[in-house]
Amino acid sequence: ITQNLPEGQFFRFGVEGGGCSGFNYLFDIAETIEEGDIQFFDSPPAVIDEQSLQFLYGSTIDLEDSNMNKLLKVDNPGAKASCGCGTSFAFDEELLDIYG
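Conventions used here
- Residues numbered from 1 in each chain as written.
- Predicted model: local features only at pLDDT ≥ 70, side-chain atom pairs only at ≥ 80, totals over all residues.
- Heavy atoms only, no water.
- Helix = DSSP H or I, 4+ residues; strand = E, 2+ residues; numbered from the N terminus.
- Polar contact = N/O pair within 3.5 Å; in protein donor to acceptor, adjacent residues only side chain to side chain.
- Contact = heavy atoms within 4.5 Å.
- Core = buried A, V, L, I, M, F, W, Y, C linked by side-chain atoms within 4.5 Å.
- Buried < 20%, exposed > 50% of the residue type's maximum accessible area, 1.4 Å probe, protein only.
- Patch = residues over 30% accessible without salt bridge, like charges linked within 9 Å, V, L, I, M, F, W, Y side chains within 5 Å.
- Areas by Shrake-Rupley, 256 points an atom, 1.4 Å probe, with all protein chains shown as cover.
- Salt bridge = Lys/Arg side-chain N within 4 Å of Asp/Glu carboxyl O.

## Examining the side chain of Ser-52
Tracing the backbone shows Ser-52 in helix H1 (residues 50-56). At a separation of 3.0 Å, a polar atom in the side chain of Ser-52 contacts the main-chain amide nitrogen of Val-15. Those residues within four positions of Ser-52 in sequence are excluded, and the remaining contacts are Gly-14 and Val-15.

In structure tokens form, the structure reads like this:
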């Protein structure tokens, strides 16, 4: 990501509603830091919005390189279930009281 991200832009990590398990991971490029965003990494410069943070707290992102395919794999300690697609997850709502 660091090598491909244009200077002055940010890697955005977040969640959005939908998918077969309730939430989808969001990977995007942001040109600015919006109100409510938190920059959580410098290389690459990465941001997350406050609402997504409660669903992604403690998560790690790894680049999985399998044959000719590369994909971002999320290890989310708050996910109680995930879909075979790897981009959709169900969240353990009991953790919202802790993370929220």
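Further notes follow.
## Regarding unusual backbone geometry
Most peptide bonds adopt trans geometry, and most residues besides glycine take a negative phi value. Note that the residue after Ser-43, namely Pro-44, is joined by a cis bond; omega there is 5 degrees. Here Pro-44 lies in the loop between strand E3 (37-42) and strand E4 (45-49). A positive phi is found at Asn-67, a non-glycine position, where the angle reads about 55 degrees. Structurally, Asn-67 is set in the loop between strand E5 (60-66) and strand E6 (69-75).

## Considering the environment of Asn-24
Mapped onto the fold, Asn-24 is located in strand E2 (residues 23-30). Note: C-alpha distance between Asn-24 and Ala-90 (66 residues apart in sequence) is 8.9 Å.

## Notes on the nonpolar core
The biggest cluster of nonpolar side chains holds 12 residues, and these are Phe-11, Phe-13, Val-15, Tyr-25, Ala-46, Ile-48, Phe-55, Leu-56, Val-74, Phe-89, Phe-91 and Leu-95. Those elements giving two or more residues to this core turn out to be strand E1 (10-17), E4, H1 and strand E8 (88-91). Looking at this core, the element that brings in the most residues is E1, giving 3 residues.

## Comments concerning a nonpolar patch on the surface
Residues Ile-38, Phe-40, Phe-41, Leu-53 and Tyr-57 make up a contiguous nonpolar surface patch of roughly 460 Å² in combined accessible area. In terms of residue count, E3 provides more of the nonpolar patch than any other element does, 3 residues in total. Within the secondary structure, Leu-53 sits in helix H1.

## A word on the environment of Phe-11
Counting through the fold element by element, Phe-11 comes out in strand E1. Put simply, Phe-11 and Pro-44 are 33 residues apart on the chain and 6.8 Å apart in space, counted from C-alpha to C-alpha. For Phe-11, the contacting residues outside a window of four places in its chain are Ile-1, Leu-5, Phe-27, Asp-28, Pro-45, Ala-46, Val-47, Ile-61 and Leu-72.

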